[in-house]
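Chain by chain, the residues:
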Amino acid sequence: MGAKDSKRSCLSCEDAVKRMSDAEYKRVCEAFKRLSGGLNFISKQTFIQNVLGEGVPTNIAEALYTACGGGPRGIGLRDLICGLVLLTKGTPEEKIK
């Protein structure tokens, strides 16, 4: 099984974007660009510090990073958007998946 097969697939990026306002989408894209330094990924440490913030226990933060599609190279914008929307606007059934 490749890395693509192991990522969550209960919410497509297109569906996730439809659940965001234009302002939310713009804010996430701008923040990602700033945090990634123009690269395609942000690191796990950047995700934990800047997306989740302080106060999230390490084991929970790492589980959320992985659940949002993060891997050894980092997490991409599409995976970040899907993960954030799933956590904040997903149905209980989607969150269980």
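For clarity, every value in this text was computed on a predicted model and none was experimentally measured.

1. Quick notes on the overall build of the protein
- On a plain count of helices and strands, the protein comes out with seven helices and two strands.
- Secondary structure elements of the protein occur, N-terminal to C-terminal, as α-α-α-β-α-α-β-α-α.
- Relative to its length of 97 residues, the protein is compact, with a C-alpha radius of gyration of 13 Å against a globular reference of 13 Å.
- Over its C-alpha atoms, taken along the principal directions, the protein stretches across nearly 30 × 30 × 30 Å.
- Expressed as a percentage of its 97 residues, the buried residues of the protein come to 30%.

2. Some words on the packing of helix H3 (residues 22-36) against helix H6 (residues 77-89)
- Between H3 and H6, the least distance of the axes is 11 Å, while the angle of their chain directions is 135°. In this view, H3 runs oblique relative to H6, as classed from their interaxial angle. The two elements H3 and H6 meet at a crossing, and its hand is right-handed. Counted together, Glu24, Tyr25, Val28, Cys29 and Phe32 of H3 and Leu77, Leu80, Ile81, Leu84 and Lys89 of H6 form the full contact between these two elements.
- Of the residues that constitute the contact of H3 with H6, the class distribution is eight nonpolar, no polar and two charged.

3. Digging into the pattern of salt bridges
- Summed over all chains, the structure comprises three salt bridges.
- A salt bridge links Arg78 to Glu14; the shortest N-O distance between them is 3.2 Å. Residue Arg78 is located in helix H6, and its partner Glu14 is located in helix H2 (residues 13-18); the two are separated by 64 residues in the primary sequence.
- The salt bridge partner of Arg19 is Glu94, with a shortest N-O separation of 2.7 Å. Here Glu94 lies in helix H7 (residues 92-96) and Arg19 lies in the loop between H2 and H3, a separation of 75 residues in the sequence.
- Arg19 gets classed as partly exposed once you look at its relative accessible area, which sits at 30%.
- With a relative accessible area of 13%, Glu94 lands in the buried category.

4. Side note on the state of the cysteines
- Inspection of every chain in the model, using the stated rule, returns zero disulfides.
- Of the cysteine sulfurs around Cys13, a residue in no disulfide, the closest is that of Cys82, at 4.5 Å.
- Sulfur of Cys29: no disulfide; nearest cysteine sulfur belongs to Cys13 and is 8.6 Å away.
- Its relative accessible area of 19% is what places Cys29 among the buried residues.

Rules used in this analysis
- Residues numbered from 1 in each chain as written.
- Predicted model: local features only at pLDDT ≥ 70, side-chain atom pairs only at ≥ 80, totals over all residues.
- Heavy atoms only, no water.
- Helix = DSSP H or I, 4+ residues; strand = E, 2+ residues; numbered from the N terminus.
- Rg over C-alpha atoms; globule rule 2.2 N^0.38 Å.
- Buried < 20%, exposed > 50% of the residue type's maximum accessible area, 1.4 Å probe, protein only.
- Axes fitted to C-alpha atoms, helices over the stretch in contact; angles between N-to-C directions.
- Parallel < 35°, antiparallel > 145°, perpendicular 65-115°, else oblique.
- Left-handed = near helix turned anticlockwise from the far one by under 90°.
- Contact = heavy atoms within 4.5 Å.
- Nonpolar A, V, L, I, M, F, W, Y, C, P; charged D, E, K, R; others polar.
- Salt bridge = Lys/Arg side-chain N within 4 Å of Asp/Glu carboxyl O.
- Disulfide = S-S within 2.5 Å.

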